[in-house]
Amino acid sequence: MKESHAGISTILFAAVLLLVGLAWSGFSSASRHDHFPGEGGGVLNGKEMRWSPDYRIRWSDFRGEPEGWTYMDATTESGIVFSWKCDWSGFHPEVYAIFDPVNSWVNPRNASEYLLDHERAHFDITEIHARKLRKRFSKMGNVCQLGRRGIDQIAQEIYRESATMQERYDDETSHSKNYRAQKEWQSKIAKELNTLNEWASR
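A. Region of interest: the confidence of the model for the chain. Looking at the chain as a whole, the pLDDT averages 80, with 77% of positions reaching at least 70. When mean pLDDT is taken per element in the chain, helix α3 (residues 179-195) scores highest with 98 and strand β1 (residues 11-26) scores lowest with 40. With pLDDT under 50 throughout, residues 1-45 is counted as low confidence; its partners more than four residues away or in other chains account for 158 contacts.

B. Representation of helix α2 (residues 147-173) in the model. In this model α2 runs 40 Å from its N-terminal to its C-terminal C-alpha over 27 residues, within 8% of the 39 Å that 1.5 Å per residue would give. Within two residues after α2, S174 carries a phi angle of roughly 50 degrees, on the positive side.

C. Inspection of the pairing of strand β4 (residues 90-99) at higher detail. Counting buried positions along β4 gives 7 out of 10 residues, so the element sits mostly inside the fold. Here 2 bridges tie strand β2 (residues 49-50) to β4, and the two strands are oriented antiparallel to one another. The residue of β4 that forms the bridge with R50 is I98. Pairing geometry for strand β3 (residues 74-87) and β4, over 10 bridges, is antiparallel. Residue pairing across strands places S83 opposite E94, the latter belonging to β4.

D. Just the state of the cysteines, in detail. Applying the stated criterion to the full structure yields 1 disulfide. Residue pairing for C86: its cysteine sulfur links by disulfide to C144, the two sulfurs lying 2.1 Å apart. The sign of the S-S torsion, about -100 degrees, decides the handedness of the disulfide formed by C86 and C144: left-handed. Remark: C144 occurs in the loop between α1 (113-138) and α2 and C86 occurs in strand β3; sequence separation between them is 58 residues. Accessibility classification places C86 together with C144 in one group, the buried group.

E. Quick look at the packing of aromatic side chains. Throughout the structure, instances matching the rule amount to 8 aromatic pairs. Each ring, one from F82 and one from F137, has its centre 5.5 Å from the other, and the planes form 15 degrees; the classification is stacked. Pair noted here: F82 is in strand β3 and F137 is in helix α1, with a separation of 55 residues, a long-range link. Of the two residues examined, F82 and F137, each falls in the buried class. Among the aromatic residues, those joined into a cluster by ring pairs are W59, F62, F99 and F123. R50 extends its terminal NZ or CZ atom over the ring of Y96, reaching a point 3.5 Å from the ring centre. Here the basic side chain of K188 rests over the ring of W185, its NZ or CZ set 4.3 Å away from the ring centre.

What counts and what doesn't
Residues numbered from 1 in each chain as written. Predicted model: local features only at pLDDT ≥ 70, side-chain atom pairs only at ≥ 80, totals over all residues. Heavy atoms only, no water. pLDDT = per-residue confidence, 0-100. Helix = DSSP H or I, 4+ residues; strand = E, 2+ residues; numbered from the N terminus. Contact = heavy atoms within 4.5 Å. Expected span 1.5 Å × (residues − 1). Buried < 20%, exposed > 50% of the residue type's maximum accessible area, 1.4 Å probe, protein only. Pairing = 2+ DSSP bridges. Disulfide = S-S within 2.5 Å. Phe/Tyr/Trp six-rings, centres within 6.5 Å; stacked < 30°, edge-to-face > 60°. Lys NZ or Arg CZ within 6 Å of the ring centre and 35° of its normal.

Written out as structure tokens, the structure is:
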């Protein structure tokens, strides 16, 4: 966490926080929870991809290699980057969901479209919570009066909600092996994204 003062009369607080640095896996596998540090204001390896309604991640975006022996078929590493500043005109947050290609990977033998949809849904869950974070702050009054600690506490609450939903998604779909549950979750995720469309990144 960083705090800086770039002009006493203009910027009161500035902070950058990387949330949800998590790896999610699909198909006959267990989720791995890895926290990774942000560099340069949340840039991961200089190659992260922001969530976009106009682009769905592809297997060619999964450029990593599994570390040692693993029974997992794929891993999606995604996160929320949150930065903000307060000045005379109020609170100015920047929130976006990212996918980390370097640390996401797939076993080519199991790179089916069905498994890809499972992995895409993990990234969509991350985007859901990026939107929830934007919504949460937009519904508040003077956010700046909370100070750095108060603002970060709110962000951490959304982080925990996202982690819980990611784990429940994998548990209930059995990492995509439960086809019925997978279909139900994909419908649920699509509906929630639509409900939160007002708070999508513009």
